[in-house]
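Breakdown of the fold
Okay, here's what each chain looks like letter by letter:
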Amino acid sequence: GENVEQHPSTLSVQEGDSAVIKCTYSDSASNYFPWYKQELGKRPQLIIDIRSNVGEKKDQRIAVTLNKTAKHFSLHITETQPEDSAVYFCAASFTGTASKLTFGTGTRLQVTL
Amino acid sequence: KAGVTQTPRYLIKTRGQQVTLSCSPISGHRSVSWYQQTPGQGLQFLFEYFSETQRNKGNFPGRFSGRQFSNSRSEMNVSTLELGDSALYLCASSLRDRGRDEQFFGPGTRLTVL
């Protein structure tokens, strides 16, 4: 089955700096890659996603890149703010939809003042 | 539009008991997926129901089962509870439509097994 590895497990950046979180997946059939943000005690929320027919996608300060050949995808957050502090999960699915997501182990991002 | 709701929010059970969790998806969403979240194993997929049929299944023992009703509401049942079943159980609903799909999570049910 699919396996998703996520690095780093913790990341501390200063406010205004950029943060990058990387994930690799094992199943070359995977074609949908969402990223979720989970604040303490809250539900995961989708922040951005990318499909296998696209190499990059941006939404304001957040961007995701996908390298299908290397089977890895990354989350980039620019101009970080304290409210970006949370746990971020990457995920992959071979169904082309949000069904049957395999999640990475999460990255705890802390943005310090 | 109301979000995904789950009941109950908290449960305490003892080993050997069984438990049923409920999930109401966003109106119009026919896909409901269940996930188990623990500090050690992270978020793990349990199963997905779409149009009252189980469409995908994760690697969990048969003690974990589910069903979906005609109104898309879903229930998850865990029988013969073990200490290791203590976790946050999240359900998520989606349209299950390629190209315009997004999975919305409920607040979760925190299950504690004593």
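Refer to the structure presented above.
Everything in this summary refers to the structure shown in the same document. (Residues numbered from 1 in each chain as written. Chains lettered and ligands numbered in written order. Predicted model: local features only at pLDDT ≥ 70, side-chain atom pairs only at ≥ 80, totals over all residues. Heavy atoms only, no water.)

Attention shifts here to the overall build of chain B. Within chain B, the secondary structure is distributed over zero helices and 11 strands. Counting from the amino terminus, chain B carries its helices and strands in the arrangement β-β-β-β-β-β-β-β-β-β-β. Its C-alpha atoms give chain B a radius of gyration of 13 Å, near enough to 13 Å, the size a compact globule of 114 residues would have. Considering only C-alpha atoms, chain B reaches an extent of 40 × 25 × 25 Å along its principal axes. Counting every position in chain B, which comprises 114 residues, the buried fraction comes to 50%. (Helix = DSSP H or I, 4+ residues; strand = E, 2+ residues; numbered from the N terminus. Rg over C-alpha atoms; globule rule 2.2 N^0.38 Å. Buried < 20%, exposed > 50% of the residue type's maximum accessible area, 1.4 Å probe, protein only.)

As a further point, take the pairing of strand β7 (residues 64-68) of chain B. Residue and element names in this part refer to chain B. Bridging between β7 and strand β8 (residues 74-78) involves five bridges; their strand directions are antiparallel. Among the inter-strand pairings, F64 is bridged to a residue of β8, identified as V78. Connecting the antiparallel pair β7 and β8 is a turn made up of five residues, with S72 showing a positive phi of about 75°. (Pairing = 2+ DSSP bridges.)

By convention, interface size is frequently given as the accessible area that disappears when the constituent parts associate. Contacts between chain A and chain B engage 18 residues on the former and 21 residues on the latter. Buried surface at the junction of chain A and chain B, both sides included, amounts to about 1,700 Å², of which 53% is carbon and sulfur. For the chain A face of the interface with chain B, the top three residues by lost area are R43(A), K100(A) and F103(A), together amounting to 31%. For the pair chain A and chain B, the interface holds zero salt bridges. At the boundary of chain A with chain B, the tally comes to four residue pairs in polar contact (both at pLDDT 80 or more). Listing elements by their share of the side of chain A that touches chain B, those giving two or more residues are β4 (32-38) and β5 (45-51) of chain A. When the residues that make up the side of chain A that touches chain B are grouped by side-chain class, the tally is eight nonpolar, six polar and four charged. (Contact = heavy atoms within 4.5 Å. Buried area = accessible area lost by both parts, 1.4 Å probe. Salt bridge = Lys/Arg side-chain N within 4 Å of Asp/Glu carboxyl O. Polar contact = N/O pair within 3.5 Å; in protein donor to acceptor, adjacent residues only side chain to side chain. Nonpolar A, V, L, I, M, F, W, Y, C, P; charged D, E, K, R; others polar.)

The next subject is the state of the cysteines. Under the definition given, this model contains two disulfides over all chains. Here C23(A) engages in a disulfide with C90(A); their sulfurs sit 2.0 Å apart. Measuring the twist about the S-S bond at about -100°, one finds the C23(A)-C90(A) disulfide to be left-handed. Of the two residues, C23(A) is situated in strand β3 (residues 19-25) and C90(A) in strand β9 (residues 86-92); the sequence distance between them amounts to 67 residues. The buried category is assigned to C23(A), whose relative accessible area is 0%. Looking at C90(A), the relative accessible area reads 0%, which means it is buried. Two residues share a disulfide in this structure: C23(B) and C91(B), whose sulfurs sit 1.9 Å from each other. The sign of the S-S torsion, about 75°, decides the handedness of the disulfide formed by C23(B) and C91(B): right-handed. Taken as a pair, C23(B) in strand β3 (residues 19-24) and C91(B) in strand β9 (residues 87-94) lie far apart in primary sequence, 68 residues in all. Take C23(B) and C91(B): they sit in the same class, and that class is buried. (Disulfide = S-S within 2.5 Å.)

W35(A), F73(A), L75(A) and L109(A) are the most contacted members of the largest nonpolar core, which has 23 residues in total. V4(B), C23(B), Y49(B) and L81(B) belong to the second-largest nonpolar core, a separate cluster that totals 21 residues. (Core = buried A, V, L, I, M, F, W, Y, C linked by side-chain atoms within 4.5 Å.)

Strand-to-strand pairing in sheets goes through backbone hydrogen bonds, with the strands running parallel or antiparallel. All names here are of chain A. The five strands lie next to each other as β1-β3-β8-β7-β6, forming an open sheet whose pairing is antiparallel. Each edge of the open sheet carries a strand with a single partner, namely β1 (4-7) and β6 (56-59). For this sheet the average axis-to-axis angle between neighbouring strands, irrespective of direction, equals 15°. The pairing of β6 with strand β7 (residues 62-67) spans four bridges and is antiparallel. Directly across from K57, in β7, lies its bridge partner V64. (Axes fitted to C-alpha atoms, helices over the stretch in contact; angles between N-to-C directions.)

What follows is about unusual backbone geometry. Generally, phi is negative for residues other than glycine and the peptide bonds are trans, each holding for most cases. Between H7(A) and P8(A) the backbone carries a cis peptide bond, its omega angle lying at -5°. A positive phi is found at S51(B), a non-glycine position, where the angle reads about 50°. Following the sequence through the fold, S51(B) ends up in the loop between β5 (42-50) and β6 (53-57). Given a relative accessible area of 30%, S51(B) falls into the partly exposed group. Of note, the phi angle at S72(B) is positive, near 75°, even though the residue is not glycine. One can find S72(B) in the loop between β7 and β8. Classification of S72(B) as buried rests on a relative accessible area of 11%.

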